[in-house]
Amino acid sequence: MTTKRPAANLDEAGYVPEPTKALLDVGPERSKTGRPPAPIRIHFENTGRQKNASTALLKCKFCEMEVSGRAISLESHLKRCQQAPEEVRPTSVKDEKSTPKSTKAHAVAGKHPAKKPCTATSSMETKYRNLIILQTNAVQSLHVMLRDKRSSHLQFKKFADRLMRILAEEALAACTLEFAIVWTPTGAEFSGMRPNSNICAVSIVRAGDALLEQVLACEPSVSVGKILIQRDESSAEKHPVVYYAKLPPRMNAFDRVLLLDPMLATGGSAKKAIQLLIDSGVQERDIVFANVLACPEGLDAIFEAYPQIHVVTSAIDPELNESKYIVPGLGDYGDRYYNTTM
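Residues numbered from 1 in each chain as written. Predicted model: local features only at pLDDT ≥ 70, side-chain atom pairs only at ≥ 80, totals over all residues. Heavy atoms only, no water.

(A) Geometry of the pattern of salt bridges. The final tally for this structure, using the stated rule, is nine salt bridges. The shortest N-O distance in the salt bridge between Asp209 and Lys226 comes to 2.8 Å. Remark: Lys226 occurs in strand β8 (residues 223–231) and Asp209 occurs in helix α9 (residues 207–218); sequence separation between them is 17 residues. Residue classification places Asp209 among the buried positions, given a relative accessible area of 17%. Asp286 serves as the salt-bridge partner of Arg256, at 3.0 Å between the closest nitrogen and oxygen. Of this pair, Arg256 sits in strand β10 (residues 256–260) while Asp286 sits in the loop between α10 (268–279) and β12 (287–291), placing them 30 residues apart in sequence. In this structure Asp286 comes out as buried when scored by relative accessible area, which is 15%. (Salt bridge = Lys/Arg side-chain N within 4 Å of Asp/Glu carboxyl O. Helix = DSSP H or I, 4+ residues; strand = E, 2+ residues; numbered from the N terminus. Buried < 20%, exposed > 50% of the residue type's maximum accessible area, 1.4 Å probe, protein only.)

(B) Highlighting a nonpolar patch on the surface. On the surface, a nonpolar cluster with roughly 310 Å² of combined accessible area is contributed by Phe179, Ile181 and Met193. Among the structural elements, Phe179 can be located in strand β5 (residues 178–183). (Patch = residues over 30% accessible without salt bridge, like charges linked within 9 Å, V, L, I, M, F, W, Y side chains within 5 Å. Areas by Shrake-Rupley, 256 points an atom, 1.4 Å probe, with all protein chains shown as cover.)

(C) View of the sheet that holds β8. A sheet is described by the order of its strands in space; here seven strands give the open sequence β4-β14-β12-β10-β7-β8-β9, paired in mixed fashion. Pairing within the sheet leaves two strands with one partner each, and these edge strands are β4 (131–133) and β9 (240–246). The sheet shows a mean angle of 20 degrees between the axes of neighbouring strands, direction not considered. Where β8 and β9 come together, six bridges link them in antiparallel fashion. Along β9, the bridge assignment pairs Leu228 with Tyr244. Each of β7 (199–205), β8, β10 and β12 is contacted by α9, which is oriented at about 155 degrees to β7, the strand it contacts most. (Pairing = 2+ DSSP bridges. Axes fitted to C-alpha atoms, helices over the stretch in contact; angles between N-to-C directions. Contact = heavy atoms within 4.5 Å.)

(D) Focus on unusual backbone geometry. Note the cis peptide between Val205 and Arg206, where omega equals 10 degrees. Positionally, Arg206 belongs in the loop between β7 and α9. Omega for the bond connecting Val327 with Pro328 falls within 30 degrees of zero, at 5 degrees, which places this linkage in the cis form. Residue position: Pro328 is located in the loop between β16 (326–327) and α12 (333–338).

(E) Seen up close, the packing of helix α7 (residues 137–147) against helix α8 (residues 153–173). As a packed pair, α7 and α8 sit with axes 9 Å apart at the nearest point and diverge in direction by 150 degrees. As summarised for this structure, α7 and α8 are arranged roughly antiparallel, according to the angle between their axes. For the crossing formed where α7 meets α8, the hand is left-handed. Judged by residue contacts, Ala138, Val139, Leu142, His143, Met145 and Leu146 of α7 engage Phe156, Phe159, Ala160, Arg162, Leu163 and Ile166 from α8. Its residues assigned to classes, the contact of α7 with α8 comprises 10 nonpolar, one polar and one charged. (Parallel < 35°, antiparallel > 145°, perpendicular 65-115°, else oblique. Left-handed = near helix turned anticlockwise from the far one by under 90°. Nonpolar A, V, L, I, M, F, W, Y, C, P; charged D, E, K, R; others polar.)

(F) Representation of the packing of aromatic side chains within the structure. The full count for this structure, using the stated rule, is four aromatic pairs. Plain terms: the ring middles of Tyr333 and Tyr337 are 6.3 Å apart, the flat faces sit at 5 degrees to each other, and that makes the pair stacked. Placement of both Tyr333 and Tyr337 in helix α12 is noted, with a separation of four residues, approximately one turn of the helix. Residues Tyr333 and Tyr337 agree in their burial class; the two are buried. A network of ring pairs unites the aromatic residues Phe156, Tyr333, Tyr337 and Tyr338 as a single cluster. (Phe/Tyr/Trp six-rings, centres within 6.5 Å; stacked < 30°, edge-to-face > 60°.)

(G) Molecular detail of the nonpolar core. Met164, Val215, Leu258, Leu260 and Tyr333 are the most contacted members of the largest nonpolar core, which totals 38 residues. Elements supplying a minimum of two residues to this core: α7, α8, β7, α9, β10, β12 and α12. Looking at this core, the element that brings in the most residues is α8, giving nine residues. The contacts of Tyr333, once residues within four sequence positions are left out, are Phe156, Ala160, Met164, Ala207, Pro262, Met263 and Val292. (Core = buried A, V, L, I, M, F, W, Y, C linked by side-chain atoms within 4.5 Å.)

(H) A look at the pairing of strand β6 (residues 189–194). Looking at chain direction, β5 and β6 are connected through six bridges and run antiparallel. If you follow Ile181 over to β6, its bridge partner there is Ser191. In sequence, β5 turns back onto β6 through a hairpin of five residues, with Gly187 there showing a positive phi of about 90 degrees.

(I) Geometry of α10. Here α10 contains 12 residues, and its C-alpha end-to-end distance of 17 Å stays within 8% of the 16 Å for a straight helix at 1.5 Å per residue. The complete set of buried residues in α10 reads Ala270, Ala273, Ile274, Leu276 and Leu277. The buried residues of α10 occupy one face: seen down the axis, they fall within an arc of 160 degrees. Phi for Gly281, located one or two positions after α10, is positive at around 105 degrees. (Expected span 1.5 Å × (residues − 1). Arc of directions from axis to C-beta.)

(J) Looking closely at the packing of α10 against helix α11 (residues 296–305). α11 packs onto α10 with a crossing angle of 25 degrees between their chain directions and a minimal axis gap of 9 Å. In terms of axis orientation, α10 runs roughly parallel to α11. The handedness of the crossing between α10 and α11 is right-handed. Where α10 abuts α11, its residues Ala270, Lys271 and Ile274 lie against Ala301, Ile302 and Ala305.

Put into structure tokens, the structure is as follows:
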């Protein structure tokens, strides 16, 4: 048989008298806080309602939000109430531990805590001023699906297309030259960089063709070039060799040239392609190299040889393994995208 707890007799302030608290067995957790100190209590009004048998509901005089009558709750609320003046905010309550909001939002309750992605982004950003790294929640979540070895071909292609569309827009934005001021339909002024269409997009076959499709979807008027570079397997060093190149005439007439290749590992193929563009009349500073995934070794190789080039990437992984694959990486991009994995 279950015995009901006796009803609480409240005092004028809406609190349970100490003898009644003992009868209700409120436990050590509640008895620690006790009644709120007077300097805090004066900023709240009694609502006449109860949160539970031992705690009254009070209303903040500044924002009119109902708060539990426990001292720690009132102090915490005053510290965070946007309408409360600074002079009434308590200083005794310690700030919450500085966990980034993005980490909290993406941590699933009851499961493993969110971890920072294994990248070398911060150090490379400060090292090279011409390096643009896409760091958004959308990009990170798409990388999770691309890197998952369990993702099917259709899943990989779907998420790769979404990521490359974002990358293509950012790469095209890096090609803007003209500052413009426009007037909106509401009669207000708006300013920014105007999109540039005098661009040539050059893909490194074959994986670069996937990125080229997204660039053309964003800006169909761009001119297109193709470069086929493969490693010479007969040599011990396996140097990259240009097997095919088809570029538009008068390459120096374009404002910017987009070089497209999803992966930047050692940087050998990229350097070969960049040199080919320069030999065709393109200025080094006018080349924007866009890729999905890079590593420090490849970036160092490119910027050491061509310091004026611009690079736009969606992620930087820490290292290469013995087979010169990016780690943690995502595997062979071309094979997974075109479903030619053995």
